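Next come the chains, spelled out residue by residue.
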Amino acid sequence: MTPEDFAETAFDMAPVGIVLAQHRIIRACNLTFATMIGVDRTALLGRSFRVLYEDDAEFARLRDVGLAALRGGGSYTDQRILRRTDGSRFWCRFRARTLAPGDPLSRIVMTYAPLGDARPGPELTPRERDVISGLSRGSTSKQIARDLGLSPRTVEDVRARLLRKFKVRNAAELLARLTGPG
């Protein structure tokens, strides 16, 4: 096996999904990522990341999440819900590193490590998904409110509604319920 063949095999068989993108367009992805999403890899190439999100609003909002860290030349990590092509959802640990800090989305490497299927339970509204995404990043209600352009009180109301909806006492239990074993 040549070094090039070995590198290609390592890319395809990595235990996490790997995506190379330019301006939110998938330019390359490994077999692990395509399998995770539930589609042939060739069907993803040249497509927008929009196919992975519930709606246009969520896709637009997530565009700027982590850009400040990437512009600083670093990397960015969070947990988020993605959508498979069959419509099912799953939680994953998302990591990104830009190859161009001045224009982070122009060339970026991302990995997706599944944390498990989104647990059965009440359906989530787009606003609830936004708040859960912020909580999974460790953000406070004030930080989430600032990121979403909402008042902290609105975020607290959504957070309280989520706790009641999932019958848990705090954000840690909520996240464990959504990502933990059945």
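Note that the structure is predicted; figures quoted are calculated from it, not measured.

Asker: Help me get a handle on the overall build of the chain, residues and values and all.
Answerer: In terms of helices and strands, the chain carries nine helices and five strands. What you see in the chain, going N to C, is helices and strands ordered as α-β-β-α-α-α-α-β-β-β-α-α-α-α. On C-alpha atoms alone, the chain measures out to a radius of gyration of 17 Å, which is about the 16 Å that the 2.2 N^0.38 rule sets for 182 residues. Each of the three principal axes of the chain carries a C-alpha extent, and together these read 55 × 40 × 25 Å. A total of 182 residues make up the chain; the buried ones form 42% of that total. Sequence-distant contacts, at least 24 apart, represent 49% of the contacts inside the chain between residues at least 6 apart. For the chain, the accessible surface area stands at approximately 9500 Å², while carbon and sulfur atoms represent 54% of it. Here the chain contributes 30 positively and 21 negatively charged side chains, and the mean placements of these two sets differ by 6 Å.

Asker: Which residues make up unusual backbone geometry, and what values do they have?
Answerer: Unlike most non-glycine residues, His23 shows phi in positive territory, near 50°. In this fold, His23 is placed in the loop between β1 (17–22) and β2 (25–29). Judged by relative accessible area, which is 48%, His23 ranks as partly exposed. If you check the backbone angles, Lys167 has positive phi at about 55° while not being a glycine.

Asker: Quick one: what's the story with the nonpolar core, residue by residue and with numbers?
Answerer: The biggest cluster of nonpolar side chains holds 28 residues, and the ones touching the most others in it are Val19, Phe33, Phe49, Leu52, Met110 and Tyr112. Looking at this core, the elements that each hand over two or more residues are β1, β2, α2 (31–37), α4 (56–62), α5 (67–71), β3 (75–83), β4 (89–98) and β5 (108–117). Counting 19 residues, the second-largest nonpolar core is a separate cluster that includes Ile132, Val155, Leu162 and Ala171.

Asker: For helix α8 (residues 152–166), give the residues involved together with the corresponding values.
Answerer: Compared with an ideal rise of 1.5 Å per residue, which puts 15 residues at 21 Å, α8 spans 21 Å between its outermost C-alpha atoms and is within 8% of the ideal. For α8, every residue scored as buried is listed here: Val155, Val158, Leu162, Leu163 and Phe166. In an axial view of α8, the angular spread of the buried residues amounts to 140°, which keeps them on one side of the axis. Of the residues in α8, the exposed ones pointing more than 90 degrees away from the buried face are Arg153 and Arg164. Positioned one or two residues after α8, Lys167 has a phi angle of 55°, which is positive.

Asker: Describe the packing of aromatic side chains, and please don't skip the residues or the numbers.
Answerer: Tallying each qualifying case throughout the model produces three aromatic pairs. Both rings, one in Phe33 and one in Tyr112, keep their centres 5.1 Å apart while their planes meet at 45°; by these two values the pair is tilted. Residue Phe33 is located in helix α2, and its partner Tyr112 is located in strand β5; the two are separated by 79 residues in the primary sequence. Among the residues examined, Phe33 registers a relative accessible area of 0% and is labelled buried. The buried category is assigned to Tyr112, whose relative accessible area is 1%. Taking 5.2 Å as the distance between ring centres and 55° as the angle between the ring planes, the aromatic pair formed by Phe94 and Tyr112 counts as tilted. Residue Phe94 is located in strand β4, and its partner Tyr112 is located in strand β5; the two are separated by 18 residues in the primary sequence. This pair shows no difference in class: Phe94 is buried, exactly as Tyr112 is. Members of the aromatic cluster, joined through ring pairs, are Phe33, Tyr76, Phe94 and Tyr112.

Asker: I'd love a proper account of the state of the cysteines, names of residues and values included.
Answerer: For the coordinates displayed, the defined rule picks out zero disulfides. Residue Cys29 stays outside any disulfide, its sulfur separated by 14 Å from that of Cys92, the closest cysteine. With a relative accessible area of 2%, Cys29 lands in the buried category.

Asker: Could you give an account of the pairing of β1, naming the residues involved and the relevant values?
Answerer: Looking at chain direction, β1 and β2 are connected through four bridges and run antiparallel. Looking at β2, one finds that Ala21 is bridged to Ile26. Connecting β1 to the next strand, β2, in antiparallel fashion are two residues, including His23 with a positive phi near 50°.

Thresholds applied
Residues numbered from 1 in each chain as written. Predicted model: local features only at pLDDT ≥ 70, side-chain atom pairs only at ≥ 80, totals over all residues. Heavy atoms only, no water. Helix = DSSP H or I, 4+ residues; strand = E, 2+ residues; numbered from the N terminus. Rg over C-alpha atoms; globule rule 2.2 N^0.38 Å. Buried < 20%, exposed > 50% of the residue type's maximum accessible area, 1.4 Å probe, protein only. Contact = heavy atoms within 4.5 Å. Areas by Shrake-Rupley, 256 points an atom, 1.4 Å probe, with all protein chains shown as cover. Lys, Arg positive; Asp, Glu negative; His and termini not counted. Charge placed at Lys NZ, Arg CZ, Asp CG, Glu CD. Core = buried A, V, L, I, M, F, W, Y, C linked by side-chain atoms within 4.5 Å. Expected span 1.5 Å × (residues − 1). Arc of directions from axis to C-beta. Phe/Tyr/Trp six-rings, centres within 6.5 Å; stacked < 30°, edge-to-face > 60°. Disulfide = S-S within 2.5 Å. Pairing = 2+ DSSP bridges.

Nothing here speaks to function; it is all geometry.
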